[in-house]
Structures are given as structure tokens and as C-alpha cells.
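Descriptive analysis of the structure
Letter by letter, the chains look like this.
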Amino acid sequence: IFGYITKIIYERYTLNFKLKKEFEFEQKKKLKEEIAQNKMKLLNSAEELNHRLWNFSQHVGENWHRVSTNDWNTTEQYYLKSFVYRFLKFLYWNIQTEKDTISIDTTIAEKDDILFLKYIKTFKDIFTDVDLLKELNYDKAHNTNHFFKNNLADYCILVTQGGEILSFENFKEVMDREYQSLEKVINYFSNIQNTDDDKNLNVLRVCHLLIIQFLNTFGHDYQKTDKEKIKQITELYKPKLKIKKGM
């Protein structure tokens, strides 16, 4: 009898162990497949935004981004419109990747995949988490310098059509046609002032540093930033950042 009981316990244990391993393998495989589906699009959009943030770090004082509502249609406004385009495209792929992986058990994921998911979650959160701006005495009751998560996802949808990213030319038409729908995003950039206390500028600087780190970890060689340029940007931002604790 004892041998029979032992056999049953052993078989159940080995079966449970086998099922557990099979489940873990399938979940890890599925997660890698879902990440791979959007990975290059996400990396490419991060690279494009990274280039713009480098440019912005050098020319924020030129005020190319500062466009009033009355001046919206007077000229092409390429700098501001392309800034909004790159921003929404980048966040769209972050939100889409998070959505695609939400049903997968990530508690058993491999370290690199967990780190990747942490990045995409953080990129969205830095624009929606009011606690990031505590050091600048931000009044979260006023929705002026952050986005509500659901609203941010809705804005990102406007850069797509049928699940595909619009070309910049087509998106410019959307911006002109749906100006009121995108006004919050447009103002987020157009209202930035060249002062270290500017809340949105602080958040963009944090975003820039994270994008550099993200691309250096997961990007291709041509998407990575060398040590000299990293030193250059950190030396520029370090005395200017006013949300170090939040970061």
C-alpha cells in the first residue's frame, strides 16, 4: 500500500512539475514573440525622438516650438508638428506593446524581457505621473503639465489609421483637421519655456536620458550613444534638472 501511495504522489508531482515547466516555457515564448512584433518599430521611433530631443537640447532657446493658436496656420510649423508626431508615434508603440503583453504572466519572464517591459511602462508613466513633478510644487488638480493615461492613449491613436502609423504628411492633415482633439498635446510642447523650472522641459529631459539608456541597452549599434555624447548631455542636464527625486 505504501508503495502504491508513493507512486501516486510521485506521478502527481512529476506531472505538476512538467505542466509548470511547459506553462513557463509557453509564457516566455509568447512574451518574446509579442515583444518582437513591435520591437523594431519601437526602437526606430525612439531613435527619431532621440534625435529631436538632442536638437531641442541645443536649440530650445530659439523658440521654434513656440507657436500660438493664431499662428498655427500661418506657416508650415514643421518643428512643432514633427515634434508632436515623433512623440505620439513613440508612445503609441509603447502603449501597444504593453497592451499586447498584458495577458502574459511576466512574473516568470527572463530578466532582459522584464527590463524591456519596465522601460515601456516608464516611458508612459513619466508623462502621466504627477508625483514626478512634486519638487516643482505641481498642483495635480490642474491638468496642465501631465496627461491622463486613457487620454494619452487616445491621442496616440490619432497618429494611426487602420493599425498603421500615418506618414508625417498625412499626420499634418490630421493635426490641422483635428486641432482641438490634439490641442492638449500641441500645447504641452508649444508652451515650453527655456527655463529650468519649466515642468514640461524637465520631463522631456528625463525622457531623453531614459531613451538614450533604452537604446544603448536594446538598440542597434547605430542607435546607441557613445560615452562622450552621454557625458555631454548629462553635464548639460545635471545642473538644470529640478525633478531629481521624482526621477
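In this text the structure is predicted, and so the values were computed from the model without any measurement.

Calculation criteria
Residues numbered from 1 in each chain as written. Predicted model: local features only at pLDDT ≥ 70, side-chain atom pairs only at ≥ 80, totals over all residues. Heavy atoms only, no water. Helix = DSSP H or I, 4+ residues; strand = E, 2+ residues; numbered from the N terminus. Buried < 20%, exposed > 50% of the residue type's maximum accessible area, 1.4 Å probe, protein only. Contact = heavy atoms within 4.5 Å. Areas by Shrake-Rupley, 256 points an atom, 1.4 Å probe, with all protein chains shown as cover. Polar contact = N/O pair within 3.5 Å; in protein donor to acceptor, adjacent residues only side chain to side chain. pLDDT = per-residue confidence, 0-100. Arc of directions from axis to C-beta. Phe/Tyr/Trp six-rings, centres within 6.5 Å; stacked < 30°, edge-to-face > 60°. Lys NZ or Arg CZ within 6 Å of the ring centre and 35° of its normal. Axes fitted to C-alpha atoms, helices over the stretch in contact; angles between N-to-C directions. Parallel < 35°, antiparallel > 145°, perpendicular 65-115°, else oblique. Left-handed = near helix turned anticlockwise from the far one by under 90°. Nonpolar A, V, L, I, M, F, W, Y, C, P; charged D, E, K, R; others polar.

**Description of the overall build of the protein**
The secondary structure content of the protein amounts to eight helices and two strands. Ordered by position from N to C terminus, the α and β elements of the protein give α-α-α-α-β-β-α-α-α-α. Counting over 247 residues, the protein shows a buried share of 45%. Summarising the internal contacts of the protein: among those between residues at least 6 apart in sequence, 78% fall at separations of at least 24. As displayed, the protein offers around 14200 Å² of accessible surface, 50% of which is attributable to carbon and sulfur atoms.

**A closer look at the side chain of Ser82**
Following the sequence through the fold, Ser82 ends up in helix α2 (residues 78-101). The exposure class assigned to Ser82 is buried, which follows from its relative accessible area of 2%. Reaching out from Ser82, the side chain makes a polar contact with the backbone oxygen of Tyr78 at a distance of 2.7 Å. Not counting residues within four places of it along the chain, the set of residues in contact with Ser82 comprises Arg52 and Phe168.

**Some thoughts on the confidence of the model for the protein**
Summarising the model, the protein shows a mean pLDDT of 87, and 87% of its residues fall at 70 or more. Confidence, read as mean pLDDT per element, is least for helix α1 (residues 2-59) in the protein (76) and greatest for helix α7 (residues 199-218) (97).

**Thoughts on helix α5 (residues 168-177)**
Along α5, the residues classified as buried are Phe168, Phe171, Lys172, Val174 and Met175. Projection of α5 onto a plane perpendicular to its axis shows the buried side chains occupying an angular sector of 160°, all on one side.

**Comments concerning the packing of aromatic side chains**
Under the criterion given, the structure shown has 23 aromatic pairs. On the basis of an interplanar angle of 90° and a centroid distance of 5.1 Å, the ring pair of Phe116 and Phe218 is categorised as edge-to-face. With a gap of 102 residues between them, Phe116 in helix α3 (residues 111-125) and Phe218 in helix α7 connect regions that are remote in the sequence. Across this residue pair, the class does not change: Phe116 and Phe218 are buried. Among the aromatic side chains, those forming a connected cluster through ring pairs are Phe56, Trp64, Tyr79, Phe83, Phe87, Phe127, Phe147, Tyr155, Tyr188 and Phe189. Arg52 extends its terminal NZ or CZ atom over the ring of Tyr79, reaching a point 4.2 Å from the ring centre. The side chain of Lys184 reaches across the aromatic face of Phe147, ending 5.4 Å from its centre.

**Quick look at unusual backbone geometry**
A positive phi angle, near 55°, is found at Gln77, a position not held by glycine. On the secondary structure map, Gln77 appears in the loop between α1 and α2. Positive phi values are uncommon outside glycine, yet Asn137 reaches one of about 55°. Looking at the secondary structure, you find Asn137 in the loop between α3 and α4 (149-157).

**Topic: the environment of Asn63**
Structurally, Asn63 can be placed in the loop between α1 and α2. Considering only alpha carbons, one finds Asn63 and Gln193, 130 residues apart in sequence, at a separation of 8.0 Å.

**Quick look at the packing of α7 against helix α8 (residues 227-237)**
Where α7 meets α8, the axes come as close as 11 Å, and the angle between the chain directions of the two elements is 160°. Taken together, the axes of α7 and α8 are roughly antiparallel relative to one another. Two packed elements cross with a definite hand, and for α7 against α8 that hand is left-handed. For the pair formed by α7 and α8, the contact residues are Arg205, His208, Leu209, Ile212 and Asn216 on the first element and Ile230, Ile233, Thr234 and Tyr237 on the second. A per-class count over the contact of α7 with α8 returns five nonpolar, three polar and one charged.

**Some remarks on the packing of α2 against α5**
Viewed as axis vectors pointing N to C, α2 and α5 meet at an angle of 105°, and their least axial separation amounts to 10 Å. By the angle class used here, α2 and α5 are roughly perpendicular. Counting all contacts with α2, which are made through Tyr78, Lys81, Ser82, Val84, Tyr85 and Leu88, the residues of α5 involved are Phe168, Phe171, Lys172, Met175 and Asp176.

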